[in-house]
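If you want the building blocks of each chain, they are given just below.
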Amino acid sequence: MTPSDVKATLSFSDGSPSMELPIYKGSVGPDVIDIRKLYGQTGKFTYDPGFLSTASCNSTITYIDGDKGELLYRGYPIEQLATNCDFLETCYLLLNGELPDATQKTDFVNRVSNHTMVNEQMQFFLRGFRRDAHPMAVMTGLVGALSAFYHDSTDINNPEHRQVAAIRLIAKMPTLVAMAYKYSIGQPFIYPKNDLSYTENFMRMMFATPCADYKVNDVLVRAMDRIFILHADHEQNASTSTVRLCGSSGTNPFAAIAAGVACLWGPAHGGANEAALNMLEEIQRKGGVEKIGEFIAEVKDKNSATKLMGFGHRVYKNYDPRAKLMRETCHEVLNELGLQNDPLFKLAMALEKIALEDDYFVSRKLYPNVDFYSGIVQRAIGIPVQLFTAIFALARTVGWIAQLNEMIGDPEYKIGRPRQLFVGAEKRDVKPIGQR
Ligand code: CMC
């Protein structure tokens, strides 16, 4: 970290001594005030629920400028990666810091391909779930269970174990997601086929059956691959911070990633694409485009908890750059499948237009986020709504691992242990039960 010449001074109105705090400069983005000695010197904590002003780590992986609507993986703009690279090149970049050359790419693809199968016992574990279980419930269980199957890659402090675990997780997530899907619809599992690309392989495991193979459609494969690229990492979001915090105790990589899957499930995070599609279906059921006005009025009502799902972002207060790319893909996919007149798509476009012009959304800088469009694309491809977040988890796995490995390699890393402002009961005595 580069120290800045500027220092911050913290002073108190009660005459307690003031404190000088160092400031560090990032390569881009806001500087940080180092408060590590604050408690030791003043006996006070900082208070920042939701981490609105807190940098929890230093990182070299992903940079977001929310005001400019910019997203960079290792310095490369997401637009260039989404246009010029495939998902496995993006994985290599996130894990290693540089894009692969042709030989490195071939090696990496081969390594990942060698690990696409899961231990045969995993399917018996999966068969214990109810068939109607939510795929994210299944994925939380399956990813955590990998630690029970791959004992040779569970030591988070061993760089070789971390490397093998990373490859295994990236390689096996598509297999697990497809298995969870096949199980839910009562179809036999389709084993991976390693002469296909990562994304073709995933789509084949999803849609082929023993009676009919999957016909690769390049537009759809490219769309799915782009979904993976756009979701691969996103700085210190809730699930990534969860993975870091979980991993900071020294737990194994599979357990830490399972914690990320659990966090991602929530509707304010990865569950938003499912929630956005459910919202569209609900408006459609109530009467479609004609009912948009009523729905928007409900969203704006202070007494209602209804939100326009797929809109708004904690960091992007201008435009989500991923949304722009996904919007483009959305049009490509719907054209390819002849679905331009699909009522749900028309409804989504009408909703997008109204929200972009409405002062409530404009004044709060609420724009469509990636999930607004990725849901429509996935539905068009034939992916059931319930599986959307599991696909997000598949894509985000590489980001989680890259961030976890970065943390373990950081000499300043410690077990995460936030403090609190305690406002509960002061010390008191327990009375015998008859006197309470
Ligand atoms: N619909 C209606 N009002 C909204 C929405 C929305 N989607 N999002 C924020 N607002 C309002 C909010 O009520 C508040 O209004 P007021 O100032 O009158 O109280 C104002 O906008 C600021 O909202 P906030 O809650 O302070 O914003 P936040 O940064 O804490 O929340 C968010 C960010 C993503 C949780 C929120 O915008 C949201 O819940 N959006 C819908 C869910 C969604 O699409 N999430 C996916 C995020 S992208 C995927 C990912 O990266 O994980």
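Treat the numbers as computed from the prediction; the structure is a model and nothing was measured.

1. A word on the packing of helix H3 (residues 87-96) against helix H18 (residues 388-409)
Viewed as axis vectors pointing N to C, H3 and H18 meet at an angle of 15 degrees, and their least axial separation amounts to 9 Å. When the axis of H3 is compared with that of H18, the two are roughly parallel. Once H3 is placed against H18, the crossing between them reads as right-handed. In contact with Phe 87, Cys 91, Leu 94 and Leu 95 of H3, H18 contributes Ala 395, Val 398, Ile 401 and Ala 402. In terms of residue class, the contact of H3 with H18 is made up of 8 nonpolar, no polar and no charged.

2. Comments concerning the packing of aromatic side chains
Geometrically, a pair of aromatic rings is defined through the distance of the ring centres and the angle of the planes. Considering all chains together, one arrives at 14 aromatic pairs under this definition. A ring pair is formed by Phe 87 and Tyr 198, whose centres lie 5.3 Å apart and whose planes are at 40 degrees; its orientation type is tilted. With Phe 87 in helix H3 and Tyr 198 in helix H8 (residues 198-207), this residue pair connects regions lying 111 residues apart in the sequence. Between Tyr 198 and Phe 228, the ring centres sit 6.2 Å apart and the planes meet at 80 degrees, which makes this aromatic pair edge-to-face. On the criterion of sequence distance, the pair formed by Tyr 198 in helix H8 and Phe 228 in helix H9 (residues 218-230) is long-range, its members being 30 residues apart. Across the pair, Phe 228 and Tyr 198 agree in class, each one buried. Through successive ring pairs, a cluster of aromatic residues spans Phe 311, Tyr 360, Phe 361, Phe 372 and Tyr 373.

3. Regarding the sheet that holds strand E2 (residues 19-25)
The sheet built from 3 strands is open, its strands ordered E1-E2-E3 with antiparallel pairing. Across the chains shown, the open sheet's two edge strands, defined by having one partner strand only, are strand E1 (2-10) and strand E3 (32-33). Bridge count for E1 against E2 is 6 bridges, and the pairing is antiparallel. Bridging across to E2, Thr 2 finds its partner in Lys 25.

How each quantity is defined
- Along each chain, numbering runs from 1 in the same order as the chain's sequence is written.
- Local features are withheld for residues below a pLDDT of 70 in this predicted model, meaning they are given only at 70 or higher, and side-chain atom pairs are given and counted only at 80 or more; totals for whole chains, interfaces and linings count all residues.
- Hydrogens and water molecules were not included; the side-chain quantities draw on all heavy atoms of the structure.
- Inter-axis angles, ranging from 0 to 180 degrees, are taken between N-to-C directions of lines fitted to C-alpha atoms, where helices are fitted over the stretch in contact.
- Segments assigned H or I by DSSP are reported as helices when at least four residues long, segments assigned E as strands when at least two residues long, and all are numbered from the N terminus.
- Here is the rule for angles: anything less than 35 degrees is roughly parallel, anything more than 145 is roughly antiparallel, 65 through 115 is roughly perpendicular, and the remaining ranges are oblique.
- Put simply, a crossing is left-handed when the front helix is turned counterclockwise from the back one by less than a right angle, and right-handed when it is turned clockwise.
- Contact definition: two residues touch when any of their heavy atoms are within 4.5 Å.
- Side-chain classes follow a simple rule in which Ala, Val, Leu, Ile, Met, Phe, Trp, Tyr, Cys and Pro form the nonpolar group, Asp, Glu, Lys and Arg form the charged group, and the remainder, Gly included, forms the polar group.
- Classification of ring pairs uses Phe, Tyr and Trp, with its six-membered ring standing for Trp, and accepts pairs whose centres are within 6.5 Å; under 30 degrees between planes counts as stacked, over 60 as edge-to-face, and the remaining range as tilted.
- Three exposure classes are used, based on accessible area relative to the maximum for each residue type with a 1.4 Å probe and protein chains only: buried under 20%, partly exposed in between, and exposed over 50%.
- Strand pairing follows a simple DSSP-based rule, namely that at least 2 bridges must link the two strands.

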